[in-house]
Amino acid sequence: MAFATTGSISCKSLLKPQPVKRQPSLTHLPTHIKPISAVHSTDPSKSSKSSSPSTLIPSKWILQSWKTKKALQLPEYPDELQLESVLKTLESFPPIVFAGEARSLEEKLAQAAMGRAFLLQGGDCAESFKEFNGNNIRDTFRVILQMSVVLMFGGQMPVVKVGRMAGQFAKPRSDPFEEIDGVKLPSYRGDNVNGDAFDEKSRVPDPHRMIRAYTQSAATLNLLRAFATGGYAAMQRVTHWNLDFTEHSEQGDRYRELAHRVDEALGFMAAAGLTPDHPIMTTTEFWTSHECLLLPYEQALTREDSTSGLYYDCSAHMLWVGERTRQLDGAHVEFLRGVANPLGIKVSDKMDPNELVKLIDILNPENKPGRITVIVRMGAENLRVKLPHLIREVRGAGQIVTWVSDPMHGNTIKAPCGLKTRSFDSIRNELRAFFDVHDQEGSYPGGVHLEMTGQNVTECVGGSRTITYNDLSSRYHTHCDPRLNASQSLELAFNIAERLRKKRIASGKSLH
């Protein structure tokens, strides 16, 4: 969704549905294609390390070749005919994003890999049907804009803005079942699969939820496009982006001071001839991303680009493969290796350096800059020990990747009240460790990946406004994992900007 340039996309770049015949029902596959084996696993290394090189990559990728592989974390739909009907409907729908936009994002991510840009990727842990409204979308977009201004000013480099929005519904689960008071039901897997209410009817996977997820994603993207290109994101509005509840806070004050400095810079630029109505001043570029988890949905929205002949998953500009589904010989890796979108790989402290090199080679055999983003989630202490070995192994293999920190997932704890939470100090410490390791290794810290919201929630403890364990229940709204609120997100952005500023000064670089 390179919003600032979508008007220049030609008709040729529109994506056409791929022409191959619709594959048969999963229960009636040809004998040479094995049905999906929906197996649940929490340790991807167990199956990936046992794979021999000859079994990792089939000779040729086709759209349905993922069905020949073991597929983890997929729901079991009770009505196969209903599933087939929904997938046919999705295949007939227009693409949500375009190939040209995904290629543009890849180019920007290539700059981040070289230390010439910084990725800011953020949004909900899991989008929901119940909380879908324009104000929530606007507030999250607004705090991402604020953070990008802080990061640009500190780092004096472009910030690549990517939302965990317009498609981030499905969630992997560490256990396929959930038990409460002796009642055992299938786990909640995201609103595009089943309902979160703890009753038998809600937990049955319903394929029609994929239709609703598609329509909500398209509507979300439509509003984001309007915000990005309709004047809301104009730099002249930088002083108006403060959310009401950050108005009288330390972060709000710091942001206001920065916004006034940006205003002064804009006045100078206008005097120099860069007028306020110039496109670079009135629009912004914004892309969308989500975890590639629900493969039938992802396949149904994959199209062949008539310009390049490549396949793109048109449900989002960028997709990532998760910690639980990144097996070298698994269905998710098989699907992703054949689509041309920029890809992320979530990496924990369990990742073996040699395995990471093999996975990158499978997903990016041509070693194209911007194609692979490695999203590291380990916790601060583990990261200091494990990340240097990953960086050295990848560098030794000559692979070009964008290194990004996810300081959220390695720092989830249970509060005394029983709610899941994350400590702001732990999140900040992991980011500090991420920058320290890259300084030590001479590599580039390419970005940050956050679970965050523009709402005034109380889900993560700490920060300058000091949310305590006792505060959690007052505004705890997440459907999955705890998110940073706008004030905490902005505080983190100032911390990152200071590290980028120091790195810039130490290297003698300035904006050019």
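Shown above is the structure to which this text applies.
The structure reproduced in this document is the subject of the present report.

Definitions and cut-offs
Residues numbered from 1 in each chain as written. Predicted model: local features only at pLDDT ≥ 70, side-chain atom pairs only at ≥ 80, totals over all residues. Heavy atoms only, no water. Helix = DSSP H or I, 4+ residues; strand = E, 2+ residues; numbered from the N terminus. Buried < 20%, exposed > 50% of the residue type's maximum accessible area, 1.4 Å probe, protein only. Contact = heavy atoms within 4.5 Å. Areas by Shrake-Rupley, 256 points an atom, 1.4 Å probe, with all protein chains shown as cover. 1 Å grid on protein atoms, 1.4 Å probe; cavity = no way out; pocket = protein on both sides within 12 Å on 5 of 7 lines; lining within 4 Å. Points joined across faces, edges and corners; volume = space filled by probe spheres on them. Nonpolar A, V, L, I, M, F, W, Y, C, P; charged D, E, K, R; others polar. Lys, Arg positive; Asp, Glu negative; His and termini not counted. Salt bridge = Lys/Arg side-chain N within 4 Å of Asp/Glu carboxyl O. Polar contact = N/O pair within 3.5 Å; in protein donor to acceptor, adjacent residues only side chain to side chain. Axes fitted to C-alpha atoms, helices over the stretch in contact; angles between N-to-C directions. Parallel < 35°, antiparallel > 145°, perpendicular 65-115°, else oblique. Left-handed = near helix turned anticlockwise from the far one by under 90°. Pairing = 2+ DSSP bridges. Core = buried A, V, L, I, M, F, W, Y, C linked by side-chain atoms within 4.5 Å. Expected span 1.5 Å × (residues − 1).

### A word on the overall build of the protein chain
From N to C terminus, the protein chain includes 15 helices and 17 strands. Each of the 512 residues in the protein chain was classed as buried or not, and the buried ones make up 57%. For the protein chain, the share of sequence-separated contacts (at least 6 apart) that also reach a separation of at least 24 residues comes to 79%. As presented, the protein chain carries roughly 20,700 Å² of accessible surface, and 52% of it is formed by carbon and sulfur atoms.

### Focus on empty space enclosed by the protein
Evaluation of the coordinates by the stated rule reveals 4 cavities of 30 Å³ or more. Of the pockets and cavities examined, the largest cavity occupies roughly 230 Å³. At the level of secondary structure, the elements contributing two or more residues to the lining of the largest cavity comprise helix H5 (134-155) and helix H7 (208-229). Per element, the largest residue contribution to the lining of the largest cavity is 3 residues, and it comes from H5. Its residues assigned to classes, the lining of the largest cavity shows 5 nonpolar, 10 polar and 5 charged.

### Here's the deal with the side chain of Lys161
When you line up the elements, Lys161 lands in strand E5 (residues 159-164). Despite its burial, Lys161 pairs with no opposite charge, the nearest such side chain being Glu285 at 6.9 Å. Side-chain polar atoms of Lys161 contact the side chain of Thr284, separated by 3.0 Å.

### A few points about the packing of H5 against helix H15 (residues 486-507)
Running from N to C, H5 and H15 cross one another at 20°; their axes reach a closest spacing of 7 Å. Taken together, the axis directions place H5 and H15 in an arrangement best described as roughly parallel. Pair H5 / H15 crosses with right-handed handedness. Residues Val143, Gln146, Met147, Val150, Leu151, Phe153, Gly154 and Gly155 of H5 form the contact with H15, whose participating residues are Ala486, Ser489, Leu490, Ala493, Phe494, Ile496, Ala497, Leu500, Arg501 and Arg504.

### Focus: the pairing of strand E17 (residues 445-451)
With 7 of its 7 residues buried, E17 lies for the most part within the structure. Relative to E17, strand E14 (residues 402-405) runs parallel, the two being bridged by 3 bridges. Pairing of Trp403 across the sheet is with Pro445, part of E17.

### Regarding the sheet that holds E14
Pairing is parallel around the closed barrel formed by 8 strands, whose spatial order is E4-E5-E8-E11-E12-E13-E14-E17. Between one strand and the next, the sheet's axes are offset by a mean angle of 25°, whatever the strand orientation.

### Some points on the environment of Gln488
Tracing the sequence through the fold places Gln488 in helix H15. Setting aside chain neighbours within four positions, we find Gln488 in contact with Phe424, Cys460, Val461, Gly462, Ile467 and Arg483.

### Structural notes on the pattern of salt bridges
One side chain can pair with another of opposite charge once the charged atoms of both are near each other. Scanning all chains against the criterion turns up 25 salt bridges. In this structure, Arg103 and Asp305 form a salt bridge, with 2.8 Å as the shortest nitrogen-oxygen distance. Pair noted here: Arg103 is in helix H4 (residues 99-113) and Asp305 is in strand E9 (residues 302-305), with a separation of 202 residues, a long-range link. For Arg103, a relative accessible area of 23% puts it in the partly exposed group. Residue Arg483 is joined to Asp124 by a salt bridge in which the shortest nitrogen-to-oxygen separation is 2.5 Å. With Arg483 in the loop between E17 and H15 and Asp124 in the loop between strand E4 (118-123) and H5, this residue pair connects regions lying 359 residues apart in the sequence. Taken individually, Arg483 and Asp124 each receive the classification buried, so the pair is uniform in this respect.

### Regarding the nonpolar core
With 89 residues, the main nonpolar core has Phe141, Leu336, Leu387, Trp403 and Leu484 as its most contacted residues. The leading source of residues in this core is H5, at 9 residues. Once you skip the residues sitting within four places of it in the chain, Leu484 turns out to touch Met408, Phe424, Ile427, Leu450, Glu451, Met452, Thr453, Cys460, Ser489 and Leu492. Within the second largest apolar cluster, 21 residues are counted, among which are Tyr77, Ile96, Tyr297 and Leu301.

### A look at H5
Here H5 spans 31 Å end to end across 22 residues, near enough to the 32 Å set by a 1.5 Å rise per residue. Taken across its 22 residues, H5 has 17 buried, putting it largely inside the fold. The backbone nitrogen of Asn135 has a side-chain oxygen 3.0 Å away, supplied by the residue at the start of H5, namely Asn133. In the segment just after H5, Gln156 is the residue with positive phi, at about 50°.

### Considerations on H7
In a regular helix each residue adds 1.5 Å, so 22 residues correspond to 32 Å; H7 covers 32 Å between its end C-alpha atoms and thus fits that length. Along H7, the positions that sit buried rather than exposed are Met210, Ala213, Tyr214, Gln216, Ser217, Thr220, Leu221, Leu224, Arg225, Phe227 and Ala228. The elements touched by buried residues of H7 are helix H3 (80-92), H4, H5, helix H9 (279-282), strand E8 (287-291) and helix H10 (295-300). Just past H7, the residue Gly231 takes up positive phi, approximately 110°.

### Focus on the packing of helix H14 (residues 424-441) against H15
Two quantities define a packed helix pair, namely the angle between the helix axes and the distance between the axes. At a minimum axis distance of 11 Å, the contact between H14 and H15 shows a crossing angle of 20°. Considering the angle they form, H14 stands roughly parallel to H15. Where H14 crosses over H15, the handedness of that crossing is right-handed. Between H14, through Phe424, Ile427, Arg428, Leu431, Arg432, Phe435, Asp436 and Asp439, and H15, the contact on the second element is made entirely by Gln488, Glu491, Leu492, Asn495, Ile496, Arg499, Leu500 and Lys503. Each residue belonging to the contact of H14 with H15 can be placed in one class, and the counts come to 7 nonpolar, 2 polar and 7 charged.

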